[in-house]
Amino acid sequence: TQFSSFFSGWFSVFIEKLADQVMQNPQVLAALQERLDNTALTPSSYIETLPKAVKRRIDALKQLQVKCAHIEAKFYEEVHDLERKYAALYQPLFDKRREFINGEAEPTDAESEWHSENEEEEKLAGDLKNVVVIEEKAEAEETNVKGIPDFWFTIFRNVDMLSELVQEYDEPILKHLQDIKVKFSEPGQPMSFSLEFHFGPNDYFSNSVLTKTYKMKSEPDKTDPFSFEGPEIVDCEGCTIDWKKGKNVTVKTIKKKQKHKGRGTVRTITKQVPNDSFFNFFSPIKVSGDGESLDEDSEFTLAADFEIGHFFRERIVPRAVLYFTGEAIEDDDNFEEGEEGEEEVRCVLYLL
């Protein structure tokens, strides 16, 4: 027993000294602090500690939250109706824009009057302009420029999101693009919008209009209603392009040699394989209706497609002239630069 008492006392002193050494070691202290931080209460673990009556009231709040989500869905449906209403008011202006672009009409002096930010500099240079005005008129008569050449093609070239899709062999086709329109689904129909690409006569396909329809959903998910953040694009449909013979830029012909296993003879066959092109935009990946999930690459491609459709609808079509001149692109760049400086702020954008 004396030995036991001695050993117990010695062991206690040893533990105290060891504890003092440990507490003086900053690395050990940091490790202990990290362990304590990781065992801190999380929101979910805190909820588990609450009395049953409190949990019952929280469940009631969730019921109210679900009802709020359904009201929010109705709000966005009415927003869609308003978009359709105002699209009809915009359309006469867009029709006049098309006429000016394609040389179907000339703006009046009043319609073409514009006071730019550099007006003072332009006024100082007025005398020089008057000197060469006769030469400019003669040159204009010689070239006989119609409308605004390559208007939409220039927009494709200016906007990175679009220029990345355009191949060199797409460019001659896009120079025939005369207009892009947005059409909203009719009242009572499932929520959707369509993009119409109007082309002039060309050597590539016989279609005058190529369409892309985006189907949308504005209702909370039954299995996860709290994830609802407004309407989302859930699927899209393209159209059939009636390519003229030998003009389909979405495929390319390759030659491949095949060797006969028995005779050893070699033959050359030709086959068509997919080719990168903007016009693949009209043959999108189809979302499976049987619940099968897409592979990662397909999901990425589909998400990019939805983003492009949204960008046409919200930015390109309503503000086309500013993307043609580059002013809208400068505004977008300035906005992005402003966000980069805010390290503590994170903004999640949702498609509407």
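Anyway, here's the lowdown on the structure attached to this text. Just so it is clear, the model here is predicted, and its values are computed rather than measured.

**With respect to helix 7 (residues 151-158)**
Then step 1. Taken across its eight residues, helix 7 has six buried, putting it largely inside the fold.
Then step 2. Those residues of helix 7 that fall on the buried side of the exposure criterion are Phe151, Trp152, Phe153, Thr154, Ile155 and Phe156.

**Let's talk about helix 4 (residues 52-101)**
Residue pairs three or four apart in sequence face the same way in an α-helix, which turns once every 3.6 residues.
Then step 1. For helix 4, spanning 50 residues, the distance from its first C-alpha to its last is 69 Å, which sits close to the expected 74 Å at 1.5 Å a residue.
Then step 2. Along its length, helix 4 reaches its greatest deviation from straightness, about 35°, at tyrosine 90, and the proline proline 92 lies no more than four positions downstream.
Then step 3. Within the sequence span of helix 4, burial applies to Ala69, Ala73, Tyr76, His80, Arg84, Ala87, Phe94, Arg97 and Ile101.
Then step 4. On the buried face of helix 4, the contacting elements are helix 7, strand 1 (177-184), strand 2 (192-199) and helix 11 (320-325).
Then step 5. One or two positions beyond helix 4, positive phi appears at glycine 103, with a value near 75°.

**Quick word on the sheet that holds strand 4 (residues 232-237)**
Then step 1. Spatial ordering of the open sheet is given by 1-2-3-4, a layout of four strands whose pairing is antiparallel. The strands lining the two open edges of the sheet, one partner per strand, are strand 1 and strand 4. The mean angle between the axes of side-by-side strands here comes to 20°, regardless of whether they run parallel or antiparallel.
Then step 2. Across seven bridges, strand 2 lies against strand 3 (residues 209-217) in antiparallel orientation. By the bridge assignment, phenylalanine 193 is partnered in strand 3 with tyrosine 214.
Then step 3. Packed onto the sheet, helix 4 meets strand 1 and strand 2 and runs at close to 160° relative to strand 1.
Then step 4. Here helix 10 (residues 296-316) sits on the sheet and contacts strand 1, strand 2, strand 3 and strand 4; the angle it forms with strand 2, its principal contact strand, is near 75°.

**Notes on a nonpolar patch on the surface**
Then step 1. Taken together, the side chains of Leu82, Tyr86, Leu89, Tyr90 and Leu93 make up a nonpolar region of the molecular surface, amounting to roughly 550 Å² of accessible area.
Then step 2. For tyrosine 90, the location among the structural elements is in helix 4.

**Quick look at the pattern of salt bridges**
Then step 1. On inspection of all chains with the given rule, the structure shows 12 salt bridges.
Then step 2. Here glutamate 196 makes a salt bridge to lysine 183, at a shortest N to O gap of 3.5 Å. With glutamate 196 in strand 2 and lysine 183 in strand 1, the pair connects residues that are 13 residues apart, well separated along the chain.
Then step 3. Owing to a relative accessible area of 37%, lysine 183 belongs among the partly exposed residues under this scheme.
Then step 4. Within this structure, Glu83, Arg313 and Glu314 form a network of salt bridges that share partners.

**Quick word on the nonpolar core**
Where a protein is soluble and globular, its nonpolar side chains tend to be buried together.
Then step 1. Among the nonpolar cores identified, the biggest contains 47 residues, and Phe156, Phe197, Phe279 and Phe312 are the most heavily contacted of them.
Then step 2. Here this core takes six residues from helix 10, the largest share from any one element.
Then step 3. Ignoring anything within four residues of it in the chain, the contact list for phenylalanine 279 reads Asp170, Ile173, Leu174, Phe199, Phe205, Leu210, Ile241, Trp243, Val249 and Thr250.

Basis of the calculations
- Sequence order as written defines residue numbering, which begins from 1 separately in each chain.
- Reporting in this predicted model follows two pLDDT cut-offs: at least 70 for local features of residues, and 80 or more for side-chain atom pairs to be given and counted; totals over whole chains, interfaces and linings ignore these cut-offs and use all residues.
- The basis for the side-chain values is all heavy atoms of the structure; hydrogens and waters are excluded.
- Relative accessibility under 20% of the residue-type maximum defines a buried residue, over 50% an exposed one, and the middle range a partly exposed one, all with a 1.4 Å probe and only protein chains included.
- Every helix listed is a DSSP run of H or I at least four residues long, and every strand listed is a run of E at least two residues long, numbered separately from the N terminus.
- Helix span is expected to be 1.5 Å times the residue number reduced by one.
- Bend angle per residue: angle between axes fitted to the 7 residues ending at that residue and the 7 residues starting there.
- Contacts: residue pairs with any heavy atoms within 4.5 Å of one another.
- A pair of strands is considered paired only if DSSP assigns at least 2 bridges between the two.
- Here the axes come from fitting lines to C-alpha atoms, over the contacting stretch only for helices, and the angles between their N-to-C directions go from 0 to 180 degrees.
- A patch consists of residues exposed above 30% relative accessible area that lack any salt bridge, with like charges linked at up to 9 Å and nonpolar side chains (Val, Leu, Ile, Met, Phe, Trp, Tyr) linked at up to 5 Å.
- Here, Shrake-Rupley sampling with a 1.4 Å probe gives the accessible areas, and only protein chains in the shown set may cover a residue.
- Basic side-chain nitrogens of Lys or Arg form a salt bridge, by our definition, when they fall within 4 Å of a carboxyl oxygen of Asp or Glu.
- To form a nonpolar core, buried Ala, Val, Leu, Ile, Met, Phe, Trp, Tyr and Cys residues must be joined to one another through side-chain atoms within 4.5 Å.

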